[in-house]
Amino acid sequence: MFRNYIKIAFRNIQHNKGYSALTALSLFIGLTGFMLLVLHLENEWSYDRFHDQAEQIYRVVDDKQTPEVTLRNATTAAPVAPALLEDFPEIQSAVRIRPMEALIAYKENLFQEEAILLADNSFFEVFSFELLQGNPTVALQAPKTIVLTENMAKKYFGLENPIGQFIVVDEENFEVTGIIQDAPANSHFTFDFLVSMASAQEQDSGYSWLFTNWYSNQFYTYILLNENYAAADLEAKLVAFDQRHDQAGDETVHQYSLEALTDIYLSSDRDNQIGKTSSRSNTYILLLVAIFILLIAGINFVNLATARASERAREVGVKKAIGAATSQLRQQFLVESFLFTFLALIASMLAAFFLYPLFSNLLSSPSSIAFFTPVHLVGLLGLFLLIGGLSGSYSSVVLSNFKPSFALKSKMPEQLGIRKGLVVLQFSISIALILGSLVVYHQMAYMQNANLGFDPEQILVINFEADPQVTRQADLIKQELLQIPGVSSITASSRVPGDGNTTGWSMRFISPKGDSLKTEMPLYGVDENFLNQYQIPVVAGRGFSTAFPNDRKESMLINEAAAKALGFRQLEEAIGTKVAMYPNTGKVIGVFQDFHYQSLDQAVEPLAMRIMPFGNGLFSLSLSTGHLRTTIAAIEEKWKQLVPHRPIAYTFLEEDFNRQYEAENQFKQVLNLFTGLAILIACLGLLGLSVVSVKQRTKEIGIRKVLGASVTGIVALLSKDFIQLVGIAFLIATPIAYYFMNEWLQDFAYRIELQWWVFVLAGVTAIGIALLTVSVQSIRAALANPVESLRSE
């Protein structure tokens, strides 16, 4: 019996090729799109869950609060971790990590490496990164020890065994004590090297002072809680922890809290993240999109089934007349539905398997997700039963109950209400997605093209890591590089806009009236040309100048946001204010205009600048637009002559700045792609309905043409009903999309206003697409010979 059902199903598919092709194609696209999106979301939600004790690991973060400024960084001071271990027995282990850069050499291999982490020996107690060679209990215990990833071991040592070998890190010999597996793509921080924290704690390292300083937040601190201990209970004790370790008389308040390891990638909104982050709310939006795509494809299945009700009704009538039972007819229709679903599902699985790597590369989002795991197979089985069952329910229940007498006379209800309702639902979803895509596109365009308060174009940034050999001859290097045709200006600084670093410096401002105020704010070390190079105007007082030698010793500039935060009603009032800070007391000589040194999803915060030549590790070169490759080649050659001991490492500022929007750009790309898929699926359904509609009205079209109706009039007649449905969908979708996209925009400090024309554009786009889809079949019917139309029955 089942074999007969399969045969009949295949015959029906062959007999109705157009209907079958449209149904199968829309279902295939919907299922493939759904699978790709779910795999992408699974990867997003999988971050850091590969650690064995992921649910017990938390990151300790610190809101450093002064009377005027709160710094919400992801970091803490170095003494926090050991103090937590000492004070709270419920903490099983703690580890600190700190990113660093270094020049690393082994024999003829010499590279400037940026993915280096200082790490405590407890690193392998907290995290489950696999150590392939070496002893995890002691690999990072001794000073001057280093662990390499597999890739770095091959890069530097080739086929040699690195264990026990020595590698040069910034002119110091480090022993290789371990080889670690490359960090998975779904880790919120990655690395190429782990350097023992004990190396930084040595007196001659230059970092030893950090380990007794409670105010310099430069370390990411992670703790492993004992099993079944609630993080909220520990968090409640952290206020008393700060009070115990606070230094008397200091105005800074440390508000410690905990971030679950598995929440960091999707939920942390703190400054100074150790790696890229994403947005949980965006993943929920994309999950809705995935469901919508599946829903639209399922609607097509049902809609095309109802549209063919009259034709299938005759089939039911004939079969019932010759003795077929209702249960047999139901089974027949269900088998057809499940067969369609099965074939589409298999094709979609294959397509998703081959397309997902391309999809991940398109998004620059490497995936660690395995295909066709038991969980996936269970989910696919559920999807098969859901789609096959729901899509076949109409045919199996409604059509199988038709009375033979009515069915054979074709006096069957057209189910227009169902079809129209489903079309409205399809296009309501599609229009909402179009609106969402337009809003996301314009917000991203606004952020990437907004006036940043400085000019980022054609600025080449050379990173030399504050190498003392370079800083000692910085003026000479700048002069030599300026001689290269195409280099119009050059400046040295410790930071550049968009680097994501907002570490605060402790400062005490003493006004001319004697008022004293302790605060913290980010600081740029610069030279006299920095403001000119970046075209940042001074709005009160003056800027740095070589005409004032003391500028290199004591002068400071602050931005407008800092002046306001410090309580100055007029910017000029800040001039002359003394500043007590490391390495020496200075004074404010000017206020520069606010500029966006962070991304536009954050408000401009206080910022200070001082001339600190030996803290600078970056050269910024303004390049002319012509002959860019020639200019860069000349810079590389000159660098080899001037700095032979280290390779040149450079990036373009504009690219680096826009990299802050990586998560938003990824969201935009995914939303645009799958909005397009949703529209395509809806249009396939609309095309199928128009084919059925035209077929049912063939005789009417022929009569109208004989009576003189024009092609335009017939096309308008056939298209009118569908366009009305899309118009209704527009009215439904607009307020819903407005609400949700307005909520989404609230996450950005600088955002677009939702304009009426965006909604009109979405509506016109949807109506235009629908009209184009329906017109294809309508024009064909209108151009047909009326004689043939009148013979159709």
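One can find the structure itself at the top, above this paragraph.
Residues numbered from 1 in each chain as written. Predicted model: local features only at pLDDT ≥ 70, side-chain atom pairs only at ≥ 80, totals over all residues. Heavy atoms only, no water.

K.L.:
What is the right way to look at the environment of Thr 519 in this model?
P.N.:
Relative to the elements of secondary structure, Thr 519 occurs in strand β15 (residues 516-526). For the pair Thr 519 and Val 69, spaced 450 residues apart in sequence, the C-alpha to C-alpha distance is 6.8 Å. (Helix = DSSP H or I, 4+ residues; strand = E, 2+ residues; numbered from the N terminus.)

K.L.:
Would you mind going over helix α8 (residues 238-245) with me for this structure?
P.N.:
Because an α-helix completes one turn every 3.6 residues, residues spaced three or four positions apart along the sequence face the same direction. Every buried residue of α8 is listed here: Leu 238, Phe 241 and Asp 242. Angular distribution of buried residues about the axis of α8 spans 95 degrees; they occupy a single face of the element. Opposite its buried face, α8 presents the exposed residues Val 239 and Gln 243, each directed more than 90 degrees away. On its buried face, α8 is in contact with α3 (80-87), α7 (231-236) and β11 (253-260). (Buried < 20%, exposed > 50% of the residue type's maximum accessible area, 1.4 Å probe, protein only. Arc of directions from axis to C-beta. Contact = heavy atoms within 4.5 Å.)

K.L.:
Would you take a moment to explain the nonpolar core for this structure?
P.N.:
Nonpolar side chains in soluble globular proteins tend to be buried together. Of all hydrophobic cores here, the largest spans 102 residues; its most connected members are Phe 595 and Met 609. Every residue in contact with Phe 595, bar those within four places of it in the chain, is listed here: Leu 452, Gly 453, Phe 454, Pro 497, Tyr 524, Ile 536, Val 604, Leu 607 and Met 609. One finds Ala 119, Phe 127, Phe 189 and Ile 264 within the second-largest nonpolar core, a separate group that totals 26 residues. (Core = buried A, V, L, I, M, F, W, Y, C linked by side-chain atoms within 4.5 Å.)

K.L.:
Where do I start with the pattern of salt bridges in this structure?
P.N.:
Side chains that differ in charge, positive against negative, can pair when their charged atoms come close. Evaluation of the coordinates by the stated rule reveals 23 salt bridges. Of the charged contacts, one joins Glu 55 and Arg 49 as a salt bridge, the two residues approaching to 3.3 Å between their closest N and O atoms. Note on Arg 49: relative accessible area 42%, which makes it partly exposed. When the shortest N-O distance is used, the salt bridge between Glu 480 and Lys 638 registers 3.5 Å. Taken as a pair, Glu 480 in helix α17 (residues 474-482) and Lys 638 in helix α20 (residues 628-642) lie far apart in primary sequence, 158 residues in all. (Salt bridge = Lys/Arg side-chain N within 4 Å of Asp/Glu carboxyl O.)

K.L.:
In this structure, what is going on with helix α5 (residues 150-157)? I would like to understand it.
P.N.:
Listed in full, the buried residues belonging to α5 are Met 152, Ala 153, Tyr 156 and Phe 157. An end-on view of α5 places all buried positions within 105 degrees of arc, on one side of the element. Looking at the buried side of α5, the elements it contacts are β3 (91-106), β4 (109-119), β6 (145-149), β7 (166-169), β8 (172-180) and β9 (193-196).

K.L.:
Where do I start with the pairing of strand β1 (residues 57-65) in this structure?
P.N.:
One face of the sheet, then the other: side chains in a regular strand alternate in exactly this way. In terms of burial, β1 is a largely internal element, eight of the nine residues being buried. The pairing of β1 with strand β10 (residues 220-225) spans four bridges and is antiparallel. Of the residues in β10, the one forming a bridge with Ile 57 is Leu 224. Sheet analysis places β1 next to β11, joined by eight bridges and oriented antiparallel. If you follow Val 60 over to β11, its bridge partner there is Leu 258. Pairing analysis gives four bridges linking β1 to strand β2 (residues 70-73), with the strands arranged antiparallel. Its bridge partner lying in β2, Asp 62 is registered against Asn 73. (Pairing = 2+ DSSP bridges.)

K.L.:
Explain a negative patch on the surface to me, please; I cannot follow it from the model alone.
P.N.:
Together, Asp 170, Glu 171, Glu 172 and Asp 204 give the surface a local cluster of negative charge. Here Asp 170 is to be found in the loop between β7 and β8. Given the relative accessible area of 38%, Asp 170 is considered partly exposed. (Patch = residues over 30% accessible without salt bridge, like charges linked within 9 Å, V, L, I, M, F, W, Y side chains within 5 Å. Areas by Shrake-Rupley, 256 points an atom, 1.4 Å probe, with all protein chains shown as cover. Lys, Arg positive; Asp, Glu negative; His and termini not counted. Charge placed at Lys NZ, Arg CZ, Asp CG, Glu CD.)

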